[in-house]
Amino acid sequence: MKRVLSVVAVLAAMTAPVFGASIPILAPGDFIIGVDADGMVSNSSYPGGEAPPNALDRDSGTKYLNFGGPGSGFIVTPSDISLVSSFVLTTANDAEGRDPATWELYGTDDAISSVDNSTGLAENWTLIDSGTVALPSDRFAVGPVVPVDNMAPYSSYRMVFPELKGASLMQVADVGFYPLPDGSGPDQLSPSDPILAIHAGWDSRSPAAGPTGLSEGPASAIDGTTDWKYLNFGEVNSGFIVTPSIGPSTLDSFEITTANDAVERDPVIWMLFGTNDPITSANNSDGAEENWTLISGGTMALPDERNTLGPRYVIANQSEAYTSYKMLFESVKDAGAANSMQIGEVQFYGIPEPATVCLLGLGALTLLRRRRA
Ligand SMILES: [Ca+2]
Ligand SMILES: [Ca+2]
């Protein structure tokens, strides 16, 4: 009996989390950005009278307008397999801010299975070239010839305008594709070519600044108050990347405080990644620019009570200190009812790396190993 008891005691000691030496790792003001790992969505739509074929009719008085804004574009299939070595855009009738400012041109020989107003990613696309385009402020004006670094013909082209001059809608009056870099040769596009409207943007979005200047952006997850929450319309697989100003650390646990409303938006499945790369991912991107190592993951049961501190969850298996962390929430309590993911606060606990002490320790260990060998 005594033996059984002691085994139980040992097991209990092994499974009960011990957080004796760990301290809070996150502080207000730490670098933090919102991310959404699967956020490529289409917000493409256009008015009936301003449909994509208007970009092919060689009439500057008609335009193609997409309410999706930045990230809008089109897929066009010329009547023959064609080489595109330059293009020309013609500005539309109004609102200069809607003019494209940057472009990406992709090619494919796949049959087009993307549907109208989708992301236009159902095919295998090769990025041919990308760049900026300096369109004139004048309306109904033919823009400069934009050379495309391309030697390969394709059966279909996908053109995306990631950035516009400043407006939230995209418009273009006409598009011409040419076989030579100087804009000469016959226009490869015809008014009757099949053309689809597309929009491919990241659906990682947080509401703009609130009435007191604070916002529901990612910084509100570590501002030390439940007055403001972090909300991301990217919903499932959204989260954040944070670089604690405390420096490299080894985490052992974390806590999340629920937000003010909408229980269905609370995260359930979490995944934590670490990196020592500098963070180059942009806010509201897929957060995948760095090399990330999966540290740990699990399922949370956050309280339904609002503005309430949840349980402390163990982060197992972090064997290496990291300078930055990415936390993604693979699910929320009710994805069907929710339109977003939200948390009031998050705190990581762990041990900051005593850099020099650790390096000295590693050196001693290496010496010891060499002597033993
Ligand atoms: Ca037109
Ligand atoms: Ca907060």
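Fair warning: this is a prediction, and the values are worked out from it, not measured in the lab. (Residues numbered from 1 in each chain as written. Chains lettered and ligands numbered in written order. Predicted model: local features only at pLDDT ≥ 70, side-chain atom pairs only at ≥ 80, totals over all residues. Heavy atoms only, no water.)

Turning our eyes to something else, we now look at the overall build of the protein chain. Of the regular secondary structure elements, the protein chain holds 2 helices and 23 strands. Buried residues in the protein chain amount to 47% of all 373 residues. Relative to all contacts within the protein chain whose residues are 6 or more apart in sequence, the contacts with residues 24 or more apart total 81%. (Helix = DSSP H or I, 4+ residues; strand = E, 2+ residues; numbered from the N terminus. Buried < 20%, exposed > 50% of the residue type's maximum accessible area, 1.4 Å probe, protein only. Contact = heavy atoms within 4.5 Å.)

To continue, consider the coordination of the calcium ion (ligand 2). With distances of 2.2 to 2.6 Å, the protein atoms coordinating the calcium ion (ligand 2) are Ser220 (O), Asp223 (OD), Thr225 (O), Trp228 (O), Gly344 (O) and Glu345 (OE). Geometry at the calcium ion (ligand 2) is irregular, judged from its 6 donor atoms and the angles of 63 to 170 degrees they form at the metal. Positions of the donor residues of the calcium ion (ligand 2) along the chain correspond to the pattern S-x2-D-x1-T-x2-W-x115-G-E. Residue Gly344 shares its accessibility class with Glu345, and that shared class is buried. (Donors = N, O, S within 2.8 Å, 3.2 Å for Na, K, Ca; no water. Tetrahedral: all angles 85-135°; square planar, octahedral: opposite > 155°, others 65-115°.)

Within the structure shown, the criterion is met by 11 salt bridges. Lys229 serves as the salt-bridge partner of Asp261, at 2.8 Å between the closest nitrogen and oxygen. Of this pair, Asp261 sits in the loop between strand 17 (249-257) and strand 18 (269-275) while Lys229 sits in the loop between strand 14 (201-202) and strand 15 (230-232); the two residues are 32 residues apart in sequence, bridging distant segments of the chain. According to the relative accessible area criterion, Asp261 is partly exposed, its value standing at 29%. For Lys229, a relative accessible area of 6% corresponds to the buried category. (Salt bridge = Lys/Arg side-chain N within 4 Å of Asp/Glu carboxyl O.)

With that out of the way, let us pick up the packing of aromatic side chains. Per the counting criterion, the structure on display carries 12 aromatic pairs. Centroid distance Tyr46 to Tyr64: 6.4 Å. Interplanar angle 80 degrees. Geometry classified as edge-to-face. With Tyr46 in the loop between strand 3 (40-41) and strand 4 (64-66) and Tyr64 in strand 4, the pair connects residues that are 18 residues apart, well separated along the chain. For the pair Tyr325 and Phe348, a centre-to-centre distance of 5.8 Å together with 80 degrees between the ring planes defines the contact as edge-to-face. Remark: Phe348 occurs in strand 23 (residues 345-352) and Tyr325 occurs in strand 21 (residues 324-329); sequence separation between them is 23 residues. Residue classification places Tyr325 among the buried positions, given a relative accessible area of 0%. Three or more aromatic residues joined by ring pairs form one cluster here, namely Phe74, Tyr154, Tyr157, Phe161 and Phe177. (Phe/Tyr/Trp six-rings, centres within 6.5 Å; stacked < 30°, edge-to-face > 60°.)

This part covers the coordination of the calcium ion (ligand 1). With distances of 2.2 to 2.7 Å, the protein atoms coordinating the calcium ion (ligand 1) are Asn54 (O), Asp57 (OD), Asp59 (O), Thr62 (O), Thr62 (OG1), Ala173 (O) and Asp174 (OD). Within one chain, the residues serving as donors to the calcium ion (ligand 1) are arranged as N-x2-D-x1-D-x2-T-x110-A-D. With Asp57 in the loop between strand 3 and strand 4 and Asp174 in strand 12 (residues 174-178), this residue pair connects regions lying 117 residues apart in the sequence. Classification of Asp174 as buried rests on a relative accessible area of 8%.

Confidence in the prediction of the protein chain, expressed as mean pLDDT, is 89, and 87% of residues score 70 or more. A low-confidence stretch, residues 1-5 (pLDDT under 50), is modelled with 0 contacts involving residues beyond four sequence positions or located in other chains. Across residues 209-213 the pLDDT falls below 50, and counting only partners more than four positions away or on other chains, this stretch makes 6 contacts in the model. (pLDDT = per-residue confidence, 0-100.)

If you trace the 3 strands from one edge of the open sheet to the other, you get 9-6-12, paired in antiparallel fashion. Bordering the open sheet on either side are strand 9 (146-147) and strand 12, each of which pairs with just one other strand. With 5 bridges joining them, strand 6 (residues 86-90) and strand 12 adopt antiparallel strand pairing. The partner of Leu89 across the bridge, within strand 12, is Val175. (Pairing = 2+ DSSP bridges.)

Within the secondary structure, Asp252 is located in strand 17. Polar contacts involving the side chain of Asp252 include one to the side chain of Ser253, which spans 2.8 Å. Once residues lying within four places of it in the same chain are set aside, the contact partners of Asp252 are Phe19, Ser22, Arg312, Tyr313, Val314, Ile315, Tyr349 and Gly350. (Polar contact = N/O pair within 3.5 Å; in protein donor to acceptor, adjacent residues only side chain to side chain.)

Positive phi outside glycine occurs at Phe140, with the angle close to 55 degrees. Within the secondary structure, Phe140 is located in the loop between strand 8 (126-132) and strand 9. In the Ramachandran plot, Asn284 falls in the positive-phi region, its phi being about 65 degrees despite a non-glycine side chain. Tracing the chain through its elements places Asn284 in the loop between strand 18 and strand 19 (293-299).

So, about the side chain of Gln342. Its location among the elements puts Gln342 in strand 22 (residues 341-343). Within the local environment of Gln342, its side chain forms a polar contact with the backbone oxygen of Asp261, the two atoms lying 2.5 Å apart. A distance of 3.0 Å separates a polar atom in the side chain of Gln342 from a polar atom in the side chain of Arg265. When residues no more than four places from it in sequence are discounted, the contact partners of Gln342 are Lys229, Tyr230, Leu231, Ala259, Asn260, Asp261, Ala262, Arg265, Asp266, Pro267 and Arg306.

The next thing to look at is a nonpolar patch on the surface. A cluster of nonpolar side chains, contributed by Met40, Leu121 and Trp202, occupies part of the molecular surface with about 240 Å² of accessible area. If you trace the backbone, Leu121 turns up in the loop between strand 7 (102-108) and strand 8. For Leu121, a relative accessible area of 40% corresponds to the partly exposed category. (Patch = residues over 30% accessible without salt bridge, like charges linked within 9 Å, V, L, I, M, F, W, Y side chains within 5 Å. Areas by Shrake-Rupley, 256 points an atom, 1.4 Å probe, with all protein chains shown as cover.)

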